[in-house]
Amino acid sequence: MRFHLEGRLVLSGDISKAASDIPAFIEEANATVLVKGAPAGKGARVGLFNVKGDTLEVTIDSDEFVRSHDALVRLAKLFGQRFGRKLAVGVRRVEADNYLIEMELEREPLQLARIPFVETLRFDGKRCTVTFGKLDEKFLSEKYVDRILTLIKDKVNAQHYAGKSEHWEQVFRSPERPALTDQDPTALLEKEGWIRRGASRGQWIFGPEMTRLFRTFERIVERELLEPLGFQEMIFPKLEPFSVWERSGHAKGIYPEVYYVCPPKSRDPAFWEEVIDHYRITNEVPLEKIRDRLDLPVGGMTYAQCPALWTFFQGRTIANDRMPIRVFDRSGTSHRYESGGLHGIERVDEFHRMELVWLGTRQQTVETATALAEGYRRIFEAFLELDWRMARVTPWFMAQERLVGDADQSEIGTTDYEGRLPYRKGTAEEWLEFQNVSVNGTKYPRGFTVKLQSGEPLWSGCSGIGLERWAAVFVAQKGMDSAAWPAGVRGPYGGTPRGIRFL
Ligand code: ATP
Ligand code: ZN
Ligand code: MG
């Protein structure tokens with residue numbers, strides 16, 4: 001890598017009179033702070049310099065070890081130490097006029113990438129040249145440059161993975177079980193009146209028969225899994241502010257799928273009077289007038305469900321005697337803008353999910369995941385009697401950064417549970433992911449600065465049980481005659497309730 005920066009220290013006073021002290025200062029910097037931490041001969045170096053009234057102009061060349069922008073900041077600090085007292089002059093700020101960076105990429109880009117803040121971006125084979133124009137202190141001192149270089153590398157790598165499916169490796173397959181139907185479950189459920197479309201897109205209203213099935217699934221999970229493993233119920237918030245997604249990592253990528261939440265700019269009725277009057281006269285909700293009165297989004301509706309929990313632990317140290325922590329939430333809906341991907345109850349914009357979260361040492365976290373996997377297996381084999389399989393897949397946070405690769409390198413990873421949809425036999429959608437189990441390593445504890453009393457690294461995991469997906473797979477395989485369902489579901493279901501009848 002090669003960095004060439006033309007910048008300056010803007011000082012609090014004129015140093016023209018002390019100009020003769022500057023060469024020795026630059027020499028000292030080149031021999032000390034600008035090479036500190038770099039292999040011999042690979043540090044940063046001030047080449048040209050020039051005193052111009054209250055600024056010290058410099059050019060800095062470097063390798064990757066002390067990057068020129070970091071060198072400029074170090075130079076400013078040293079200047080303060082050497083001259084602050086002596087000349088009663090300090091550094092007001094650092095700036096750059098031009099910055100050129102060359103780096104080698106792992107792979108040649110397939111197309112140009114667009115990057116904010118960058119003036120020009122050129123590729124020559126695997127060599128990438130980035131230039132910037134004027135840069136201010138915040139930009140230079142807060143790692144913007146480094147993140148831009150990482151972003152370029154990630155985007156180029158992503159170009160090579162685009163279209164390639166993520167890592168997927170089957171780790172279990174149930175015995176093939178003959179299905180009792182080959183119909184689309186949503187069509188069956190709608191026809192029998194167990195569900196009806198909601199007024200909003202990708203939203204369903206679940207009638208008494210269907211709700212009883214959801215609750216039956218929940219009860220099975222509680223009895224067979226949550227109670228034996230000591231999972232305790234909590235209530236997680238359902239509006240997730242950006243600050244939570246910044247810490248969980250979701251801020252890096254979920255924007256296209258979020259249902260955003262905007263508060264009003266004011267709750268003063270006078271501020272809304274025109275909207276109210278407009279509606280009363282036209283009987284139409286004036287959307288544009290409402291938009292003008294909305295503040296910026298504060299975040300969005302629940303997306304992944306577990307991130308919002310972490311504020312509970314944020315900045316705290318958890319007592320050893322409470323380890324491992326095992327909790328779950330089922331207090332509300334999750335929302336995703338699935339756009340054209342909507343399909344029946346299988347892919348909806350509003351869904352219901354039990355989310356399990358566990359925290360502990362590395363060993364405890366992995367043990368919990370293993371215990372859950374055993375419990376789930378018993379439930380799908382002995383209660384739901386599904387035709388199902390399990391696969392190791394790329395964890396979401398790796399997929400999101402498009403670092404698609406081999407996910408089975410360590411204990412960190414995601415297992416997807418997939419059920420067969422007989423009505424889609426022979427198509428790419430024959431298998432539907434209906435839940436997953438993830439061991440997330442130290443990702444969340446680090447993101448939310450949570451520690452363990454013992455000082456050992458804190459790990460966590462989570463598992464999302466999608467009720468619509470469970471129901472879709474179950475009804476797709478077992479049909480709607482509850483008397484014909486497997487005993488493990490038929491029993492707790494207790495017969496189809498009297499639903500609602502229309503004329
Ligand atoms: P897919 O690849 O099917 O979009 P995903 O990878 O986006 O799934 P996750 O983010 O892993 O799903 O969500 C965990 C669980 O949440 C899923 O296993 C599923 O049960 C449920 N889920 C996610 N999106 C939807 C949706 N649009 N409709 C219904 N359930 C969903
Ligand atoms: Zn989760
Ligand atoms: Mg999805």
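Higher on the page you've got the structure.
Residues numbered from 1 in each chain as written. Chains lettered and ligands numbered in written order. Predicted model: local features only at pLDDT ≥ 70, side-chain atom pairs only at ≥ 80, totals over all residues. Heavy atoms only, no water.

### Things to note about the overall build of the protein
Looking only at helices and strands, the protein has 14 helices and 22 strands in total. Against the globule reference of 23 Å for 503 residues, the protein gives a C-alpha radius of gyration of 29 Å, more extended than a compact globule. Along the first, second and third principal axes, the C-alpha atoms of the protein reach 95 × 65 × 50 Å. Counting the 503 residues in the protein, one finds 47% classified as buried. (Helix = DSSP H or I, 4+ residues; strand = E, 2+ residues; numbered from the N terminus. Rg over C-alpha atoms; globule rule 2.2 N^0.38 Å. Buried < 20%, exposed > 50% of the residue type's maximum accessible area, 1.4 Å probe, protein only.)

### Looking at the sheet that holds strand β11 (residues 239-241)
Pairing in this open sheet of three strands is antiparallel, and the strands run β11-β13-β12 from one edge to the other. Across the chains shown, the open sheet's two edge strands, defined by having one partner strand only, are β11 and β12 (260-261). Where β11 meets strand β13 (residues 299-301), three bridges bridge the pair, whose relative direction is antiparallel. Residue Pro241 lies in a different strand from β13, and its bridge partner there is Gly299. (Pairing = 2+ DSSP bridges.)

### Some thoughts on the packing of aromatic side chains
Taken as a whole, this structure holds 34 aromatic pairs when the rule is applied. One Lys or Arg, Arg196, reaches over the ring of Phe502 and ends 5.3 Å from the middle of that ring. (Phe/Tyr/Trp six-rings, centres within 6.5 Å; stacked < 30°, edge-to-face > 60°. Lys NZ or Arg CZ within 6 Å of the ring centre and 35° of its normal.)

### Some words on the coordination of the zinc ion (ligand 2)
Binding of the zinc ion (ligand 2) to the protein goes through Cys306 (SG), Glu355 (OE) and Cys462 (SG), at separations of 2.1 to 2.4 Å. On the accessibility criterion, Cys462 (9% relative accessible area) is buried. (Donors = N, O, S within 2.8 Å, 3.2 Å for Na, K, Ca; no water.)

### Structural notes on the pairing of strand β20 (residues 431-441)
In terms of residue burial, β20 counts as a mostly covered element, since nine of its 11 residues are buried. Pairing analysis gives eight bridges linking strand β19 (residues 413-420) to β20, with the strands arranged antiparallel. The residue bridging Gly419 from the neighbouring strand is Leu432, located in β20. Relative to strand β22 (residues 459-466), β20 runs antiparallel, the two sharing six bridges. Across the sheet, residue Gly441 finds its bridge partner in β22, namely Ser460.

### Notes on the environment of Arg247
Summarising the element assignment, Arg247 is placed in helix α7 (residues 242-248). Spatially, the C-alpha atom of Arg247 lies 9.2 Å from that of Trp310, the residues being 63 residues apart in sequence. What Arg247 contacts, discounting residues up to four positions off in sequence, is Gln314, Gly447, Phe448 and Thr449. Polar side-chain contacts of Arg247 include one of 2.9 Å to the backbone oxygen of Gly447. (Contact = heavy atoms within 4.5 Å. Polar contact = N/O pair within 3.5 Å; in protein donor to acceptor, adjacent residues only side chain to side chain.)

### Re a nonpolar patch on the surface
A contiguous nonpolar patch, built from Tyr279, Val285 and Leu287 and spanning about 310 Å² of accessible area, is present on the exposed surface. Inspection of the secondary structure puts Leu287 in helix α9 (residues 287-292). (Patch = residues over 30% accessible without salt bridge, like charges linked within 9 Å, V, L, I, M, F, W, Y side chains within 5 Å. Areas by Shrake-Rupley, 256 points an atom, 1.4 Å probe, with all protein chains shown as cover. Salt bridge = Lys/Arg side-chain N within 4 Å of Asp/Glu carboxyl O.)

### A short note on the sheet that holds strand β5 (residues 120-124)
Strand order in the open sheet formed by six strands is β2-β3-β1-β4-β6-β5, and the pairing between neighbours is antiparallel. Each having just a single partner strand, β2 (45-52) and β5 make up the two edges of the open sheet. Direction aside, neighbouring strands of the sheet carry axes that sit 15° apart on average. Pairing of strand β1 (residues 2-11) with strand β3 (residues 55-62), which is carried by eight bridges, proceeds in the antiparallel orientation. Across the sheet, Arg8 pairs through a bridge with Glu57, a residue of β3. (Axes fitted to C-alpha atoms, helices over the stretch in contact; angles between N-to-C directions.)

### Some points on the site of ligand 1
Neighbouring residues of ligand 1: 13 residues in total, closest Glu338, Arg347, Val348, Glu433 and Asn436. Contact between ligand 1 and Arg347: an oxygen atom at 2.7 Å from a side-chain N or O atom of the residue. Note that a nitrogen atom of ligand 1 is positioned 2.9 Å from one of the backbone N or O atoms of Val348. Compared with its free state, where it exposes 590 Å², ligand 1 has 78% of that area covered by protein. Broken down by secondary-structure element, the contributors of at least two residues to the shell around ligand 1 are β17 (350-360) and β20. Sort the elements by how many residues they give to the shell around ligand 1 and β20 lands first, with four residues. When its residues are assigned to classes, the shell around ligand 1 shows three nonpolar, three polar and seven charged. (Near = heavy atom within 4 Å. Nonpolar A, V, L, I, M, F, W, Y, C, P; charged D, E, K, R; others polar.)

### Focus: the packing of helix α1 (residues 22-31) against helix α2 (residues 68-83)
At their nearest, the axes of α1 and α2 sit 11 Å apart, and the two run at 130° to each other. On the basis of the axis angle, α1 is oblique to α2. With respect to the hand of their crossing, α1 and α2 are arranged in right-handed fashion. Seen from α1, the contacting residues are Ile22, Phe25, Glu28 and Ala29; seen from α2, they are Leu75, Leu78, Phe79, Arg82 and Phe83. Here the residues of the contact of α1 with α2 are counted per class, giving seven nonpolar, no polar and two charged. (Parallel < 35°, antiparallel > 145°, perpendicular 65-115°, else oblique. Left-handed = near helix turned anticlockwise from the far one by under 90°.)

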